[in-house]
Amino acid sequence: MPPIAELAGVTVAYRERLVVRGVDLAIAPGELVALVGPNGAGKSTLLRVLAGLVVPRDGLVTLGGDPVAGLSRAAIARRLAAVPGQAALPFATRVEEVVALGRLPHEDPFRGPGPADHAAVDAAIERVGIGSLRGRDARELSLGERQLVLIALAVAQAAPLLVLDEPTVHLDLRHQVAVMELLVDLNRRDGVAVLAVLHDLALAAHFFPRLVLLDGGRVVADGPPARVLAPERIRATFGVDPAILAGLAAIDPGAPELTVGTRGR
Amino acid sequence: MSIGGRSLALARAHVGRPARAPGAAVLALAGLGVLALAVVIAVAAGSVAVAPGDTLGILLRALGLPVDRSWSPAAETIVLELRLPRVLTAIMVGGGLAVAGAAFQGLLRNPLADPYVLGTASGAALGAAVAVLIPFRAVFLDLGLLHVLSFAGALAAVAVVYRLGRGGGPFAPLTGLLLTGYAVGSLLAAGLAMTMFLAGSNLRQIFAFLLGGMEGASWLRLAFAAPLIAGGSIAIVARARVLNGLLLGEEAAAHLGVDVRRERAILLALASLVTAAAVAVAGLVGFVGLVAPHLVRLIVGPDARRVLPLAAILGAILLVAADLGARLLGEIPVGVVTAVVGAPFFLALLRGTRSAYEL
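Residues numbered from 1 in each chain as written. Chains lettered and ligands numbered in written order. Predicted model: local features only at pLDDT ≥ 70, side-chain atom pairs only at ≥ 80, totals over all residues.

Asker: Please provide a residue-by-residue account of the overall build of chain A, values included.
Answerer: Tallying secondary structure elements over chain A gives 11 helices and 10 strands in all. Over its C-alpha trace chain A gives a radius of gyration of 19 Å, about what one expects of a compact globule, namely 18 Å for 265 residues. Dimensions of chain A along its principal axes, counting C-alpha atoms only, are 55 × 45 × 35 Å. The buried share of chain A, taken over its 265 residues, is 48%. In chain A, 66% of the contacts between residues at least 6 apart in sequence involve partners at least 24 apart. (Helix = DSSP H or I, 4+ residues; strand = E, 2+ residues; numbered from the N terminus. Rg over C-alpha atoms; globule rule 2.2 N^0.38 Å. Buried ≥ 20, exposed ≤ 12 C-beta atoms within 10 Å, placed from the backbone. Contact = placed C-beta atoms within 7 Å.)

Set out below in structure tokens:
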């Protein structure tokens, strides 16, 4: 099957500084991929390149087989849904109104949302399981609840590729796992391809079958977690003792499966 | 607790507005009805009272309906040549400022923004003050130097602010623009202060502009401002979805299919144009552009597709009423009325819904 999104030889420079160097990456339809690596490795930049928000100095970016450079913003938004970062809302906004923003690229620009849009919003709220939050002011929710609302927005956008930039940052363990399980469920049941930037290697290894490790703007490993997170590579990339990762996973009695270190051995 | 207390608690669970708000169309129709009523009252009332029945007759006859003339020619002149253009000017200015205010609030993602925040007011004020000082009277189509220079001053100020303040990449929040607006505004205010210092006996004319007022309204001036205000406002309403996209920030809007850099520039230009035209014919009418969008959001939520048209209707009603009040109180500046009546009302509203609606 042709890839749903592809980067070929992509190089990105901010002014003269190279942040992405010759990256090749292909995402197949329905794939579940985590982008990992140290801060400043170029992970977030890659997501923005894919969405056409950053124009690479070199290389080709395609979504659904078409070069991103030739697609309108609305066309990109129908092929790639990005879960927005947590932002302060300037006005009181109901949860259902936030989710409905996901329909912007689909709505008739003059007549506004139609029955199909309302149905998609209802379905997304149902799918993410935030029905009880519908009428609440999104600004009063906890970070974890808000993250689910933002994911519901992206689900309502109904694109075949969902991208997320550190969706579990600042969340407690329960919400981290809830978000991960939701992503896996969306992937398995709805066939949505997911590309997520993750900092928590244990979570990434546990929930994602494919990890792409980025360092210094280059892909240094791409494959199943056991291979990508080999102890010597963790030491080389993050500059830490890989035992830390195994130790962190081991002291969490509620999640005995999160034993990345042992799996990697 | 009383029933009132209970209903308030229930309302709070739903963002401080009714769970099932009346449809925007119903609200718009009701608003237009109130506006029509306000127009008839405002045209009928004044130093020379014209009976409401006669007023209605004059208005309907002017619209081409077969109504028998049962009133004096003087009444007809007062209604059609003095009061009607004045009331229509209040409608255009109030509606336009409300739409521009809602657009600036959405663009800057700042509830404290108003139509004047990016320098339009200070530019227009300086233009008007300079016009007052120039001892040279040229009038074309009923537009004097004051109208032309205040219009040009407002647009020039925004253009300078936009050029200086936009930097920081396509998705940088507009904080830089906001700060640049304040800085340029302060500089222009210094120029205004100097002009006022030099104005001598003309000071009163400058003050009248700063406080705003519809007393200079005429059909020709309306013919200049109305197309700009109406055209600009309609173009803004047509871009309501852009403002919705910006609710979650510039980058989120881009991911939702909005060409942020382009749309932001267009909306900024349109809102500035509407503001400049309104200010040129009515001076710096305060408060309407800040308050009308917020009052509407309290009822229908933040969806700009509903907020913009309803804010236009509410802004028009508010300014027609405020201008009537100003006239009945002996031609006091309308800005005094909007502030004295509007500010306490707005404060009370904010206190009542504090848990749900924080600025």
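Next comes the rest of the write-up.
Asker: Tell me what's going on with the overall build of chain B, and back it up with residues and numbers.
Answerer: A tally of regular secondary structure across chain B gives 15 helices and zero strands. A burial count over chain B gives 50% of its 359 residues as buried. Relative to all contacts within chain B whose residues are 6 or more apart in sequence, the contacts with residues 24 or more apart total 77%.

Asker: I'd love a proper account of the environment of B:Leu37, names of residues and values included.
Answerer: Residues and elements named next belong to chain B. Relative to the helices and strands, Leu37 is located in helix α2 (residues 24-44). Of the residues examined, Leu37 has 12 C-beta atoms within 10 Å and is grouped as exposed. Remark: the alpha-carbon pair of Leu37 and Ile317, spanning 280 residues in sequence, is separated by 9.5 Å.

Asker: Describe the confidence of the model for chain A, and please don't skip the residues or the numbers.
Answerer: Per-residue pLDDT for chain A has a mean of 86; in total, 92% of the residues score no lower than 70. Low pLDDT, under 50, characterises residues 251-265 of chain A; the stretch is placed with 27 contacts to residues that sit more than four places away or in other chains. (pLDDT = per-residue confidence, 0-100.)

Asker: Just give me the short version of the confidence of the model for chain B, but keep the residues and values in it.
Answerer: Residues and elements named next belong to chain B. On average, chain B scores 82 in pLDDT, and the residues at 70 or more come to 87%. A low-confidence stretch, residues 1-14 (pLDDT under 50), is modelled with nine contacts involving residues beyond four sequence positions or located in other chains. Counting interchain partners and residues more than four positions distant, the pLDDT-below-50 stretch residues 354-359 has 13 contacts. In the predicted complex, the global pTM is 0.85; the interface-specific ipTM is 0.85.

Asker: Help me get a handle on the interface of chain B and chain A, residues and values and all.
Answerer: Listed by partner, the interface residues are 28 residues for chain B and 23 residues for chain A. If you list the elements that add at least two residues to the side of chain B that touches chain A, you get α10 (240-245) and α11 (250-255) of chain B. Residues belonging to the side of chain B that touches chain A are distributed by class as follows: 13 nonpolar, nine polar and six charged. (Nonpolar A, V, L, I, M, F, W, Y, C, P; charged D, E, K, R; others polar.)

Asker: Please give an account of the sheet that holds strand β8 (residues 193-197) of chain A that cites residues and values.
Answerer: Residue and element names in this part refer to chain A. An order of β6-β7-β8-β3-β9-β10 is seen for the six strands of this open sheet, with the pairing classed as mixed. The sheet terminates laterally at β6 (80-82) and β10 (218-223), the two strands that pair on one side only. Going across the sheet, the axis of each strand differs from the next one's by a mean of 20°, ignoring polarity. Across three bridges, the pairing between β6 and strand β7 (residues 161-165) is parallel. Considered in β7, the bridge of Ala81 is made with Leu162. (Pairing = 2+ DSSP bridges. Axes fitted to C-alpha atoms, helices over the stretch in contact; angles between N-to-C directions.)

Asker: Account for helix α3 (residues 52-62) of chain B, naming residues and giving values.
Answerer: Residues and elements named next belong to chain B. By the burial criterion, the buried members of α3 are Thr55, Gly57 and Ile58. Taken end-on, α3 shows its buried residues confined to a sector of 165°, consistent with a single buried face. Facing away from the buried surface of α3 by more than 90 degrees, the exposed residues are Gly53 and Leu60. Buried positions along α3 lie against α2 and α4 (73-108). Positive backbone phi, approximately 100°, marks Gly64, located one or two places after α3. (Arc of directions from axis to C-beta.)

Asker: Give me the pairing of β7(A): which residues, what numbers.
Answerer: All names here are of chain A. Along β7, five of the five residues are buried, which leaves the element largely enclosed by surrounding structure. Where burial is concerned, the two faces of β7 agree: the one with Leu161, Val163 and Asp165 and the one with Leu162 and Leu164 are both buried. Both β7 and β8 contribute to a ladder of five bridges, which runs parallel. Opposite Val163, over in β8, you have Leu195 as the bridge partner. For the crossover from β7 across helix α6 (residues 173-190) to β8, the handedness is right-handed. (Right-handed = clockwise from strand over helix to strand, strands pointing away.)

Asker: Break down the sheet that holds strand β4 (residues 58-63) of chain A for me, with residues and values.
Answerer: Strands belonging to one sheet form pairs held by backbone hydrogen bonds; the direction of such a pair is parallel or antiparallel. All names here are of chain A. Overall, antiparallel pairing links the four strands, which are arranged β2-β1-β4-β5 in an open sheet. Lying at the two open borders of the sheet, with one neighbouring strand each, are β2 (17-27) and β5 (66-67). The sheet contact formed by β4 and β5 spans two bridges and is antiparallel. Within the sheet, the bridge partner assigned to Thr62 lies in β5 and is Pro67. In the packing of helix α1 (residues 43-50) onto the sheet, contacts are made with β1 (5-14), β2 and β4, and the angle to β1 comes to roughly 120°.

Asker: I'd like to hear about the nonpolar core, residue by residue, with values.
Answerer: Where a protein is soluble and globular, its nonpolar side chains tend to be buried together. A:Val99, A:Val149, A:Ala152, A:Leu162, B:Ala311 and B:Val320 are the most contacted members of the largest nonpolar core, which totals 199 residues. When residues of this core are assigned to their parent elements, the largest contribution, 19 residues, is made by α4(B). For A:Leu162, the residues in contact, after removing those within four places along its chain, are A:Ala81, A:Ala154, A:Leu186, A:Val192, A:Ala193 and A:Val194. (Core = buried A, V, L, I, M, F, W, Y, C linked by C-beta atoms within 7 Å.)

Asker: Account for the environment of B:Leu149, naming residues and giving values.
Answerer: Summarising the element assignment, B:Leu149 is placed in helix α6 (residues 145-165). For the pair B:Leu149 and B:Met92, spaced 57 residues apart in the sequence, the C-alpha separation amounts to 20 Å.

Asker: So what about the packing of helix α13 (residues 288-300) of chain B against helix α14 (residues 304-328) of chain B? Which residues, and what values?
Answerer: Residues and elements named next belong to chain B. Their axes nearest at 8 Å, the elements α13 and α14 cross at an angle of 125°. It follows from the interaxial angle that α13 and α14 lie oblique. Once α13 is placed against α14, the crossing between them reads as right-handed. Only Arg306, Val307, Leu310, Ala311, Leu314, Gly315, Leu318 and Leu319 of α14 make contact with α13, whose side of the interface consists of Val288, Ala292, Pro293, Leu295, Val296, Arg297 and Val300. Grouping the constituent residues of the contact of α13 with α14 by class yields 12 nonpolar, one polar and two charged. (Parallel < 35°, antiparallel > 145°, perpendicular 65-115°, else oblique. Left-handed = near helix turned anticlockwise from the far one by under 90°.)

Asker: Report on unusual backbone geometry, specifying residues and quantitative values.
Answerer: For residues other than glycine, phi is negative in most cases, and the peptide bonds are mostly trans. The backbone phi angle of A:His170 is positive, close to 70°, even though this residue is not glycine. Structurally, A:His170 is set in the loop between β7 and α6. Although it is not a glycine, B:Phe287 sits at a positive phi angle of roughly 80°. Its location among the elements puts B:Phe287 in the loop between α12 (260-282) and α13.

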